[in-house]
Amino acid sequence: MWSLFRLSTLSLSMIMLAGCSEPKIDTSSMPAAVVSVEKVRESLPTYKRDEFDQALTIMAMSSFSGIDILNPRPMNAAEIAESANAYMHGLTGDEAIEKANEMLRNRRARERNQALAILSRLEEKQANAKHDRQQRERITIDSADFYMSTSPYGALEPIIELEVTNGSDERIVELSLRGVVTSPNHEAPWVDESFYYVIPDGLEPGESAKWSLAPNRFGPWGNQDIPDNAELAITIESVHGDDGNALWDSAPLSERQRERLDELRDEYGAIAEHSLE
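These lines cover the structure that appears in this document, whether it is placed above or below. Computed from a predicted structure; not experimentally measured.

A short note on helix α2 (residues 30-43)
Then, number 1: Here α2 is 14 residues long and its end C-alpha atoms lie 20 Å apart, about the 20 Å a rise of 1.5 Å per residue gives.
Then, number 2: If you check which residues of α2 are buried, you get A32, A33, S36, V37 and V40. Mapping the buried residues of α2 onto a view down its axis gives an arc of 120°, with all of them on the same face. For α2, the exposed residues set more than 90 degrees away from the buried face come down to P31 and K39.

Side note on the pairing of strand β2 (residues 156-166)
Then, number 1: Pairing geometry for strand β1 (residues 139-150) and β2, over 11 bridges, is antiparallel. Of the residues in β2, the one forming a bridge with S143 is E163.
Then, number 2: The loop that links β1 with its antiparallel partner β2 comprises five residues; one of these, G154, has a positive phi angle of about 90°.
Then, number 3: Looking at chain direction, β2 and strand β5 (residues 208-213) are connected through six bridges and run antiparallel. By the bridge assignment, E163 is partnered in β5 with K210.

Observations regarding unusual backbone geometry
Then, number 1: Unlike most non-glycine residues, D201 shows phi in positive territory, near 65°.
Then, number 2: Its location among the elements puts D201 in strand β4 (residues 186-203).
Then, number 3: For D201, a relative accessible area of 71% corresponds to the exposed category.
Then, number 4: Look at W248: it is not a glycine, yet its phi comes out positive at around 50°.
Then, number 5: Within the secondary structure, W248 sits in the loop between β7 (246-247) and α6 (255-276).

Focus on a nonpolar patch on the surface
Then, number 1: A contiguous nonpolar patch, built from M30, V34 and V35 and spanning about 240 Å² of accessible area, is present on the exposed surface.
Then, number 2: Among the structural elements, V34 can be located in helix α2.

Topic: the nonpolar core
Then, number 1: Judged by nonpolar contacts, the single largest core of 28 residues is most densely connected at L175, V181 and W211.
Then, number 2: For this core, the secondary-structure elements that each account for two or more residues are β1, β2, β3 (172-183), β4, β5 and β6 (231-240).
Then, number 3: By residue number, the principal contributor to this core is β4, which donates six residues.
Then, number 4: With sequence-adjacent residues up to four places away left out, W211 is seen in contact with I160, E161, L162, V164, L175, Y197, I199 and L203.
Then, number 5: Within the second largest apolar cluster, 17 residues are counted, among which are V40, I58, M59 and I97.

The rules we used
- Residues numbered from 1 in each chain as written.
- Predicted model: local features only at pLDDT ≥ 70, side-chain atom pairs only at ≥ 80, totals over all residues.
- Heavy atoms only, no water.
- Helix = DSSP H or I, 4+ residues; strand = E, 2+ residues; numbered from the N terminus.
- Expected span 1.5 Å × (residues − 1).
- Buried < 20%, exposed > 50% of the residue type's maximum accessible area, 1.4 Å probe, protein only.
- Arc of directions from axis to C-beta.
- Pairing = 2+ DSSP bridges.
- Patch = residues over 30% accessible without salt bridge, like charges linked within 9 Å, V, L, I, M, F, W, Y side chains within 5 Å.
- Areas by Shrake-Rupley, 256 points an atom, 1.4 Å probe, with all protein chains shown as cover.
- Salt bridge = Lys/Arg side-chain N within 4 Å of Asp/Glu carboxyl O.
- Core = buried A, V, L, I, M, F, W, Y, C linked by side-chain atoms within 4.5 Å.
- Contact = heavy atoms within 4.5 Å.

Structure, rendered in structure tokens:
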């Protein structure tokens with residue numbers, strides 16, 4: 001008799017527990033989703049319902065690419081039910097809240113890691129550009145003169161006199177240069193052109209050389225209106241080594257990249273520095 005009583009009590013307890021189990025979200029169909037979401041919401045304490053609504057919104061929005069779940073927009077029950085997905089199915093109210101919080105933590109972690117990776121790449125690019133600029137600056141234009149000379153046939157020919165020192169650690173065989181010719185009281189440059197010069201026998205580290213170049217007299221360099229007091233400014237745009245490839249040619253950051261780098265340093269700089277320690 002005691003055994004029968006204990007068995008009956010146990011059976012009744014199981015039936016009561018089954019009847020009192022927490023409602024769960026059912027996304028098997030839209031009607032089921034609408035009804036089950038409302039039941040789950042009503043089962044929660046009042047102070048948790050707003051958090052539950054936001055959790056469902058976050059999970060619903062996660063179905064759409066390009067939507068920022070870190071800043072979810074409010075959604076009504078019908079919208080949530082329509083976009084109900086596998087993230088929600090079978091969850092109680094508390095489980096839905098925890099699931100949404102987990103999704104937010106994961107999203108923030110991914111975005112932080114992506115931002116740190118971009119920060120690292122931009123800083124590396126900036127450092128490479130600075131290093132290469134410093135290396136190029138070790139190759140100096142010691143003097144640059146421009147004048148017109150009379151050829152043996154009596155024609156005026158433009159001449160560029162250059163003296164260059166290779167202060168780098170590499171042998172150079174070609175220079176890409178930009179020449180600008182200006183004069184007082186003449187607003188626009190007489191000449192503003194890029195050109196290259198292949199160095200006979202190359203220029204070894206520590207060596208200096210003087211060259212006389214003869215640009216095309218039928219182009220801007222041959223303009224006979226250029227006055228005698230015109231001045232020539234030469235800048236080095238690129239340097240080439242023995243293999244013909246450009247040396248120290250890392251491009252500087254664009255304006256947008258510099259702005260992005262500043263933004264990332266402001267937001268994640270302390271984290272990046274801590275990770276290097």
